[in-house]
Amino acid sequence: MGTILRAIYRTALPLAVLSVLGACTTMADIAPGTPVSQIQAKYGNPTLSCPTSNGGQRLVWSGQPYGQYAWATNVDNTGRSDQVVPVLTDAHFNVLKQGSWTPEKVQCEFGPPAEINKVGLPSSTQTVWSYRYRQNGVWNSLMYVYFGQDGSHVTRFHPGPDPMYEHNDNDYMVGAGSGGGFGFGTGFGFGARSGIGAGFGSGGAGVGLGVGF
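We now turn to the structure provided with this report. Within any chain, residue numbers begin from 1 and follow the written order of that chain's sequence. Residues qualify for local features only when their pLDDT is at least 70, as the model is predicted, and side-chain atom pairs are given and counted only at 80 or more; totals for whole chains, interfaces and linings, by contrast, use all residues. Side-chain measures here rest on the full set of heavy atoms in the structure, leaving out hydrogens and waters.

Remarks on the state of the cysteines
A pair of sulfur atoms, both from cysteines and within 2.5 Å, is called a disulfide here. Across all of its chains, the model carries 1 disulfide by this definition. The disulfide bridge from Cys50 ends at Cys108, spanning 2.0 Å between sulfur atoms. Handedness of the Cys50-Cys108 disulfide follows from its S-S torsion of about -90°: it is left-handed. With Cys50 in strand 1 (residues 48–51) and Cys108 in helix 4 (residues 103–110), this residue pair connects regions lying 58 residues apart in the sequence. Numbering of helices and strands starts at the N terminus; helices are DSSP runs of H or I of at least 4 residues and strands are runs of E of at least 2.

Some words on the sheet that holds strand 6 (residues 126–135)
Sheets are built from strands paired through backbone hydrogen bonds, the pairs being either parallel or antiparallel. By definition, two strands form a pair when at least two bridges between them are found by DSSP. Strand order in the open sheet formed by 4 strands is 5-6-7-8, and the pairing between neighbours is antiparallel. Where the open sheet ends on each side, the last strands, each with one partner, are strand 5 (115–119) and strand 8 (156–161). Neighbouring strand axes in the sheet, compared pairwise and without regard to direction, differ in orientation by 30° on average. Relative to strand 8, strand 7 (residues 139–146) is paired through 6 bridges, and the arrangement is antiparallel. Counterpart to Met143 in the pairing with strand 8 is Pro159. Between N-to-C directions, angles cover 0 to 180 degrees, with each direction set by a line fitted to C-alpha atoms, over the stretch in contact for helices.

With respect to the packing of aromatic side chains
To describe a pair of aromatic rings, one takes the distance between the centres and the angle between the planes. The pairing test for Phe, Tyr and Trp rings, Trp by its six-membered ring, is centres within 6.5 Å, and the orientation test on the planes gives stacked under 30 degrees, edge-to-face over 60, and tilted for anything in between. Following the criterion strictly, the structure yields 5 aromatic pairs and no others. Their ring planes at 20° and their centres at 4.9 Å tell us that Phe93 and Phe110 sit as a pair that is stacked. A residue pair is termed long-range when its members are at least 10 positions apart, and Phe93 in helix 3 (residues 90–93) and Phe110 in helix 4 qualify at 17 residues. We note that Phe93, like Phe110, is buried. Judged by centre distance (5.3 Å) and plane angle (75°), the ring pair of Phe93 and Tyr133 falls under edge-to-face. Placement of Phe93 in helix 3 and of Tyr133 in strand 6 is noted, with a sequence separation of 40 residues between them. Exposed residues in this analysis have more than 50% of their type's maximum accessible area, buried residues have under 20%, and partly exposed residues fall in between, with area computed by a 1.4 Å probe over protein chains only.

Structural notes on the sheet that holds strand 3 (residues 70–75)
Spatial ordering of the open sheet is given by 1-2-3-4, a layout of 4 strands whose pairing is antiparallel. Pairing within the sheet leaves two strands with one partner each, and these edge strands are strand 1 and strand 4 (85–86). Inspection of the sheet shows strand 1 paired to strand 2 (residues 57–62) by 4 bridges, in the antiparallel sense. Note that in strand 2 the partner of Leu48 across the bridge is Val60.

A word on the pattern of salt bridges
By definition, a salt bridge exists where a carboxyl oxygen of Asp or Glu is found within 4 Å of a side-chain nitrogen of Lys or Arg. A complete count under the given rule lists 3 salt bridges for this structure. Between Glu109 and Arg58 there is a salt bridge whose closest N-O contact spans 3.3 Å. With Glu109 in helix 4 and Arg58 in strand 2, this residue pair connects regions lying 51 residues apart in the sequence. Residues Glu109 and Arg58 agree in their burial class; the two are buried. The partner of Arg132 in a salt bridge is Asp162, and the shortest N-O contact between them spans 2.5 Å. In this pair, Arg132 sits in strand 6 while Asp162 sits in the loop between strand 8 and strand 9 (195–201), placing the two residues 30 residues apart along the sequence. Summarising the burial analysis for this pair, Arg132 and Asp162 share the class buried. Salt bridges here are not isolated pairs; linked through shared partners, they connect Glu115, Arg132 and Asp162.

See below:
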C-alpha cells in the first residue's frame, strides 16, 4: 500500500501544481507596453527580478521546481513591459550557445532551476542545474545545464527524460497465484461390512477404500 500511495503522490502532485500554473499560459496574450503593475495584479509577484543595464528589470514567473513553464519579460525604467515570452523551451535554451553564461546570468534568463546537483568523480565534480520542461512541447524532460568544474560558466547543456514522470512498474503490479496438491491415502475398515477410510499424503488429501472383515 505504501508504494502505491507514493506512486499516486508522484503523479498527483505534479499534475496539481501544473493545474494551478496553467493560467500562466495566457501570459502570451499580454501586450507589450503593459504596465508591470497590471501584470502583477493578475499573475502575482514574479519569482525573480534582476536589474538590467538600462535601469529597468527582468522579471521571471516560474513554476519550478514541479511546474514545466516559466515566463519572462523585460521592464523599462518607466515600469512598462516588453513581450512576455515562455523561456523553458528548446528554442530559448539555445541562447546558451551564444557568449558566456554565468550562473547569475542563467538564473536571470530562465529563473531558478528545479534542481542543483554535483556530478562526476570527487576530483572532477561539475555543477549541474536541471530545468523541468516539455521537450518539443510534448515530452516530460529536464534540461541539464553544466557549469564545469569551477562552476563559473556554462560549458554544455542537453535534455533528458524527467525521472519524476518515470514510474516504477513494481508500484502497480498486482499478482495472483494458485496452487494445488495431489495425495494418495489408504484406509482400512474393521467390521461386518466394507468401509471407507481417509488418508493423507505429502501432496494433499487422499481417499482410500477399506475392506471389512
